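Summary of the model geometry
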Amino acid sequence: MSPRAIHNFSAGPAMLPKAVLERAQAELVDWQGRGISVMEMSHRGADFTAIAEKATNNLKELLDVPDGYSVLFLQGGATLQFSMAVLNLAKQDSIADYVVTGSWGRKAHAEARRFCEARIAALTQRPSEPIPDVSQWSISPEAAFVHYTPNETIDGVEFHDVPDIPPSIPLVADFSSSILSRPVDVSRFGLIYAGAQKNIGPAGLTVVIIRDDLLSEVRSGVPDLMTYRVHAASGSMKNTPPTFAWYLAGLVFEWLIEQGGLAAMAIRNQEKAERLYRALDQSDFYTAPVPSTCRSRMNVVFRLVDADLESTFLQEAEGAGLMALKGHRSVGGIRASLYNAMPLAGVEALVEFLGAFEARYG
Ligand code: PMP
């Protein structure tokens, strides 16, 4: 009997492409005939340097990163970027404008307030509110930057376009849960950051893409390891980087290139999300609260109209091999994360389960 198919809808750390895991497994003990694993190599040796360079170049190719940007592989998660971005781009008395459309943006703003005059330029209070048009944002002309969260992982709210802010103000984006899900015009941004554990690779790695004119130091007293200029000058090797996570990210980038790059991923991700939202919208048993203009393609958040049935739903879903569908502990409900590695078959299995569960309990 073949093992039952498991589909992992975790929001992060999330599933990785099976082909990537199998390749890592094949190379684990003996990387390319060297007799040792990537984990056991010097980060400054020729082999790891080649692995790191290839990963960096493949990421630049995938995102079509223009000249004049540095790509960094750091630690500390996206959460460290909440303070690091401020400490590198804003003085203590600078204004920074935050667009808060969910839980992570709120956290980023709260952290920034410790280090500069962080204002709210636009705010939504709940996922069912549409994102206000950029013309309604109150952006300070002298802002050091404008920060937003292109995809709110917990709330399932996603910007479908890059907001058009005055080009003189650097746009800073927490792309943790939607980087590499479709093409993006990097030239529109001053700074992009993303924790790896959704669309990049395993936890422990954070990708930063920064426009080089923002690498100068604007305040003193910032630790070296929190200074972008220091990481850029050392090729992200000021100290020992998370080598194995960087290598695995490199395997994911190769896999993405083989799949046809981000244009191909965008089509697939659109198809997966549409399939699921369509099933939810057609039913009176389930409800998806986010307006269609800002529904996330990566994190599909929904509820059962009878919320008392949600724990049974989750239990039976697990029994059917549909794992990690529980909404974030702060909001409850159901959340299906459909990152790049989730195949259409996983979404089809979930849609089938939605129908069967409704037939039993509806
Ligand atoms: N921002 C967003 C959009 C996220 O989804 C997450 C993690 N789920 C974070 C920030 C925090 O990331 P980390 O745990 O890597 O610090």
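Residues numbered from 1 in each chain as written. Predicted model: local features only at pLDDT ≥ 70, side-chain atom pairs only at ≥ 80, totals over all residues. Heavy atoms only, no water.

Turning next to the packing of aromatic side chains. The full count for this structure, using the stated rule, is 17 aromatic pairs. Ring centres of Phe-285 and Phe-357 lie 6.1 Å apart, and the angle between their planes is 55°; on these two criteria the pair is classed as tilted. A residue pair is termed long-range when its members are at least 10 positions apart, and Phe-285 in the loop between helix 7 (261-281) and strand 11 (286-287) and Phe-357 in helix 9 (residues 344-361) qualify at 72 residues. Grouped by ring-pair contacts, the aromatic residues Phe-285, Tyr-286, Phe-302, Phe-313, Phe-353, Phe-357 and Tyr-361 constitute a single cluster. Looking at Lys-107, its charged tip hangs above the ring of Trp-104, at a distance of 4.5 Å from the centre. (Phe/Tyr/Trp six-rings, centres within 6.5 Å; stacked < 30°, edge-to-face > 60°. Helix = DSSP H or I, 4+ residues; strand = E, 2+ residues; numbered from the N terminus. Lys NZ or Arg CZ within 6 Å of the ring centre and 35° of its normal.)

A word on empty space enclosed by the protein. What the rule picks out here adds up to two cavities of 30 Å³ or more. Taken together, Met-15, Leu-16, Pro-17, Lys-198, Asn-199, Val-252, Trp-255, Leu-256, Asn-340 and Ala-341 make up the full set of residues lining the largest cavity. Residues of the lining of the largest cavity, tallied by class, amount to seven nonpolar, two polar and one charged. In this structure, the second largest cavity occupies an estimated 30 Å³ of space. Along the walls of the second largest cavity sit Leu-87, Asn-88, Glu-217, Val-218, Arg-219, Val-222 and Thr-227, which together make up its complete lining. Among the residues making up the lining of the second largest cavity, the classes are represented as three nonpolar, two polar and two charged. (1 Å grid on protein atoms, 1.4 Å probe; cavity = no way out; pocket = protein on both sides within 12 Å on 5 of 7 lines; lining within 4 Å. Points joined across faces, edges and corners; volume = space filled by probe spheres on them. Nonpolar A, V, L, I, M, F, W, Y, C, P; charged D, E, K, R; others polar.)

Between its first and last C-alpha, helix 7 extends 30 Å over 21 residues, near the 30 Å set by a 1.5 Å rise per residue. Among all positions of helix 7, only Gly-261, Leu-262, Met-265, Asn-269, Lys-272, Ala-273, Leu-276, Tyr-277, Ala-279 and Leu-280 are buried. The buried residues of helix 7 occupy one face: seen down the axis, they fall within an arc of 160°. Each element contacted by the buried residues of helix 7 is listed here: helix 2 (46-63), helix 6 (243-258), strand 11, strand 12 (299-304), strand 14 (334-337) and helix 9. (Expected span 1.5 Å × (residues − 1). Buried < 20%, exposed > 50% of the residue type's maximum accessible area, 1.4 Å probe, protein only. Arc of directions from axis to C-beta. Contact = heavy atoms within 4.5 Å.)

Okay, the sheet that holds strand 14 next. The strand order across the open sheet formed by three strands is 11-12-14, and the pairing between neighbours is antiparallel. Since the sheet does not close on itself, it has two edges, and those belong to strand 11 and strand 14, each with one partner. As paired elements, strand 12 and strand 14 share four bridges and run antiparallel to each other. Counted as the bridge partner of Phe-302 is Ile-334 from strand 14. The sheet strands contacting helix 7 are strand 11, strand 12 and strand 14, and the helix crosses strand 12 at an angle near 15°. (Pairing = 2+ DSSP bridges. Axes fitted to C-alpha atoms, helices over the stretch in contact; angles between N-to-C directions.)

Attention now goes to the pairing of strand 5 (residues 145-148). Put simply, side chains in a regular strand alternate between the two faces of the sheet. Judged by which residues are buried, strand 5 turns out to be covered on both faces: Phe-145 and His-147 on one side and Val-146 and Tyr-148 on the other are all buried. Looking at chain direction, strand 3 (residues 95-100) and strand 5 are connected through three bridges and run parallel. In the strand pairing of strand 5, Tyr-98 is matched with His-147. Here strand 5 runs beside strand 8 (residues 171-174); their pairing, made up of three bridges, is parallel. From the neighbouring strand, His-147 faces strand 8, where its bridge partner is Val-172.

Interpretation note: all reported values are geometric properties and have no functional meaning in isolation.
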